[in-house]
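Each chain, letter by letter, is given below.
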Amino acid sequence: MLPRGRPRALGAAALLLLLLLLGFLLFGGDLGCERREPGGREGAPGCFPGPLMPRVPPDGRPRRAAALDGDPGAGPGDHNRSDCGPQPPPPPKCEVQPGVRGGGSGVGKGQSPGQAAGLRASASSSVTRGQCPLPPLEGQLKNPLHLHLVTDAVARNILETLFHTWMVPAVRVSFYHADQLKPQVSWIPNKHYSGLYGLMKLVLPSALPAELARVIVLDTDVTFASDILELWALFAHFSDTQAIGLVENQSDWYLGNLWKNHRPWPALGRGFNTGVILLRLDRLRQADWEQMWKLTARRELLSLPATSLADQDIFNAVIKEHPGLVQRLPCVWNVQLSDHTLAERCYSEASDLKVIHWNSPKKLRVKNKHVEFFRNFYLTFLEYDGNLLRRELFVCPSQPPPGAEQLQQALAQLDEEDPCFEFRQQQLTVHRVHVTFLPHEPPPPRPHDVTLVAQLSMDRLQMLEALCRHWPGPMSLALYLTDAEAQQFLHFVEASPVLAARQDVAYHVVYREGPLYPVNQLRNVALAQALTPYVFLSDIDFLPAYSLYDYLRASIEQLGLGSRRKAALVVPAFETLRYRFSFPHSKVELLALLDAGTLYTFRYHEWPRGHAPTDYARWREAQAPYRVQWAADYEPYVVVPRDCPRYDPRFVGFGWNKVAHIVELDAQEYELLVLPEAFTIHLPHAPSLDISRFRSSPTYRDCLQALKDEFHQDLSRHHGAAALKYLPALQQPQSPARG
């Protein structure tokens, strides 16, 4: 998504490519435009939109849909007129066709979108002539897409997770490593906020596969408002010598009159903006593009200190010298909302906007007369249900996403009359996942560092600020949200000075789907994204002791954990029933509150079995860590190595989700060591819907018992006779009073 006034996370920059995908999938339109004959009579629809200039009605407010009219024979001086010419032949239906997004740049380590290509090309998606994605209402892909992404390792992790879990039909993704391209452009000084990545479009002809002849190159700060097939169709109007399709720059930058001593790179007239490019790679290769742009860049750098607009400066200098290379594109294919934009000259004539380009460093906060219209236009699709993208491509046969066929087969075998159908269905649900949703700075490597791992839903957001005050170390948090709630969460973090300042908290959005809370799937997402050697497996409604982060690191070192000792460190859990109380700063203060009845051992009143093995009486006097034995229903909060067993995802909703994990740890022979100075305190809150259903529904509890039985069967397969010790615990009935 676009930054809202400040850069987004390192990997999130690359995710802008998805929003392009979302943009043109959700706002696809018709290929044709209306042609008006003299006298105002409408001609046949479907004509090719020649160089266009959007119209704004008398009220001054842009509209989305407008008829396009004009003369197909516009010359270079008339390139902003609204014209309709003969419709070019469309590409063969269902053909996967190549293109490029973002100009071949990826997100560099430690760089945000503002730094990595400044949202110009941080993901370099090569949109392979993906034809006609989602119309706005029908929600069906019509033609396949192929995205070519140039990324670093961090961005690749984000994007691979995203495409794997979103399971968008008829979308192929290819990755290219940015580090392999850096040496080709690192010699060019660049003052643009995109840094090195803003130059990578220059090397696309050599970086992309030789069989790729034509590509669409898009900056990652663009919003598609039309069918990308319309853009692809413009290739048909290239002459035999033209190899680069561009929209004129919609500012006076290259005229050199913005301020005193302003000296831009050479350009043809106003120059061209490289946020949207049609590239004939085959022709550029034949013309020895690499030598062409390098000679031009070296010559200009003899008199200019650096590029100001990254690749755009070099493209324009080459075009100034070789004007026959360029095909002017209609202005609506790159409506530029820069700080000094003249784009109103384009969109004031027609409102059938195709691509909106947020090419100011301020992005959505740019100052513009009509910015509210464009901002709302962009934000509209962010709250759409992303599952619309999973609609099958009915028009064209296509290869289903990996795992989709097996998933459909498993779902088809479910019995809707089964009382536990909801549980079965929820277990099979593949949730859409967006890891590293907000800016994140990975922690520096430390041998005993600990990441707090937790999960939450929208109704627990209020816990985040307090948690950040109590835990100064890294955190990995999975949030279960709808698409609309994800945007609310974004605003929540931006409005909080405490949260906005914490770059070491990684937020991972798992999009809501299904009636039951997938608690263990959420925990696994957060656990998989932790980057430190150890993790503290907590819950969002607990506040750790202020000193716990430092104490845990010291304890791990002193106990010699890791390869020498396989252990789970138990952090004793307490609770208060008061919404306001003075949080203890030490064990001494905690014991005083415990004796005064302000604090209790966790779930002492409702489910003492869950934490009784911690042996709180012994903990009161303990001066050193002590070992405890596993017991039925034990579910402590523990610190373990990052490569610990994952949570069992079959446990959804309420009940046995942590218990099963502790059983697995014990089965794998982890020692359970209670730390004498550690503690964490549960704060009161309203019960969740799943707890209420557990307490009120015998069917719910029966289904949970069925899951426990299946868990033990799997445990026996993995651990043999050793699993017999857990059988009595698994067969104990669940109490409806449990909380």
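Residues numbered from 1 in each chain as written. Predicted model: local features only at pLDDT ≥ 70, side-chain atom pairs only at ≥ 80, totals over all residues. Heavy atoms only, no water.

Backbone hydrogen bonds hold the strands of a sheet together, and the pairing may be parallel or antiparallel. With respect to topology, four strands assemble into an open sheet ordered β17-β24-β19-β20, the strand pairing being mixed. Two strands in the sheet have a free side with no partner beyond their single neighbour: β17 (542–544) and β20 (600–601). One ladder, built from three bridges, connects β17 with strand β24 (residues 680–682); its direction is antiparallel. Bridging across to β24, F542 finds its partner in H682. (Pairing = 2+ DSSP bridges. Helix = DSSP H or I, 4+ residues; strand = E, 2+ residues; numbered from the N terminus.)

Attention now goes to the pattern of salt bridges. Counted according to the given criterion, the structure contains 38 salt bridges. For the salt bridge of R603 with E606, the shortest nitrogen-to-oxygen distance reads 3.6 Å. For R603, a relative accessible area of 15% gives the class buried. Through salt bridges with shared partners, a single ionic network connects R523, D539, E635 and K658. (Salt bridge = Lys/Arg side-chain N within 4 Å of Asp/Glu carboxyl O. Buried < 20%, exposed > 50% of the residue type's maximum accessible area, 1.4 Å probe, protein only.)

This part takes up the packing of aromatic side chains. Scanning all chains against the criterion turns up 28 aromatic pairs. Considering the side-chain rings of W630 and Y726, the 4.8 Å spacing of their centres and the 80 degrees angle between planes classify their relative orientation as edge-to-face. Placement of W630 in the loop between β21 (626–628) and β22 (637–641) and of Y726 in the loop between α23 (698–719) and α24 (727–731) is noted, with a sequence separation of 96 residues between them. No difference in accessibility class separates W630 from Y726, as the two residues are buried. Ring centres of F651 and F711 lie 5.8 Å apart, and the angle between their planes is 65 degrees; on these two criteria the pair is classed as edge-to-face. Linking F651 in the loop between β22 and α21 (657–667) with F711 in helix α23, this pair joins segments that are 60 residues apart in sequence. (Phe/Tyr/Trp six-rings, centres within 6.5 Å; stacked < 30°, edge-to-face > 60°.)

As a further point, take the packing of helix α13 (residues 421–428) against α23. For any two helices packed against each other, the geometry comes down to the angle between their axes and how far apart the axes lie. Here α13 crosses α23 at 50 degrees, and the two axes come no closer than 9 Å. As the angle between them shows, α13 and α23 are arranged oblique. Listed contacts from α23 to F423, R424 and Q427 of α13 are Y700, C703, A706, L707 and E710. Residues that form the contact of α13 with α23 fall into these classes: five nonpolar, one polar and two charged. (Axes fitted to C-alpha atoms, helices over the stretch in contact; angles between N-to-C directions. Parallel < 35°, antiparallel > 145°, perpendicular 65-115°, else oblique. Contact = heavy atoms within 4.5 Å. Nonpolar A, V, L, I, M, F, W, Y, C, P; charged D, E, K, R; others polar.)

This next bit is on the nonpolar core. One finds F489 and F536 to be the most contacted residues of the largest nonpolar core, which totals 126 residues. Not counting the four nearest positions on each side in its chain, F489 is found in contact with F437, L438, M458, L461, L464, L479, L481 and Y507. In this structure, W265, A267, A297 and V326 belong to the second largest nonpolar core, which totals 43 residues. (Core = buried A, V, L, I, M, F, W, Y, C linked by side-chain atoms within 4.5 Å.)

Take the packing of helix α22 (residues 689–696) against α23 next. Contact geometry of α22 with α23 gives a least axis separation of 5 Å together with a crossing angle of 100 degrees. In terms of orientation, α22 and α23 fall into the roughly perpendicular class. Taken together, the residues of α23 that come into contact with α22 (itself represented by D690, R693, F694, R695 and S696) are P698, Y700, R701 and L704.

On to the environment of N190, then. Structurally, the position occupied by N190 is in the loop between α4 (182–185) and α5 (204–207). Every residue in contact with N190, bar those within four places of it in the chain, is listed here: G195, L199, A306, T307, S308 and A310. Of note is the side chain of N190, whose polar atom sits 2.8 Å from the side chain of T307. (Polar contact = N/O pair within 3.5 Å; in protein donor to acceptor, adjacent residues only side chain to side chain.)

A sheet is described by the order of its strands in space; here four strands give the open sequence β5-β8-β7-β9, paired in mixed fashion. What marks the edges here is a single partner per strand, and that holds for β5 (214–218) and β9 (326–328). Adjacent strand axes in the sheet meet at a mean angle of 30 degrees when their direction is disregarded. With five bridges joining them, β5 and strand β8 (residues 272–280) adopt antiparallel strand pairing. Looking at the pairing, R214 lines up with R280 of β8.

Next up on the list: the pairing of strand β3 (residues 145–151). For a regular strand, side-chain orientation follows a simple rule: the groups alternate between the two sheet faces. A large share of β3 lies buried, amounting to seven of its seven residues. Residues L145, L147, L149 and T151 point to one face of β3 and H146, H148 and V150 to the other, with burial holding for every one of them. Summarising the sheet, β3 and strand β4 (residues 171–177) pair through seven bridges and their orientation is parallel. Looking across to β4, one finds that L145 is bridged to V171. Tracing the backbone out of β3, into helix α3 (residues 153–166) and back to the parallel element β4 gives a crossover that is right-handed. (Right-handed = clockwise from strand over helix to strand, strands pointing away.)

The next point concerns the pairing of strand β13 (residues 450–457). Within β13, eight of the eight residues are buried, leaving the element largely enclosed by the surrounding structure. What you see with β13 is no split at all: V450, L452, A454 and L456 on one side and T451, V453, Q455 and S457 on the other are buried throughout. Looking at chain direction, β13 and strand β16 (residues 534–537) are connected through four bridges and run parallel. For V453, the partnering residue across the bridge sits in β16 and is L537.

Attention shifts here to the confidence of the model for the protein chain. For the protein chain, per-residue confidence averages 79 on the pLDDT scale, and residues scoring 70 or more make up 77% of the total. Ignoring residues within four places in sequence, the model shows residues 1–86, a span with pLDDT below 50, making 294 contacts including any to other chains. Across residues 97–141, confidence stays below pLDDT 50; counting only partners more than four residues off in sequence or on other chains, it has 268 contacts. (pLDDT = per-residue confidence, 0-100.)

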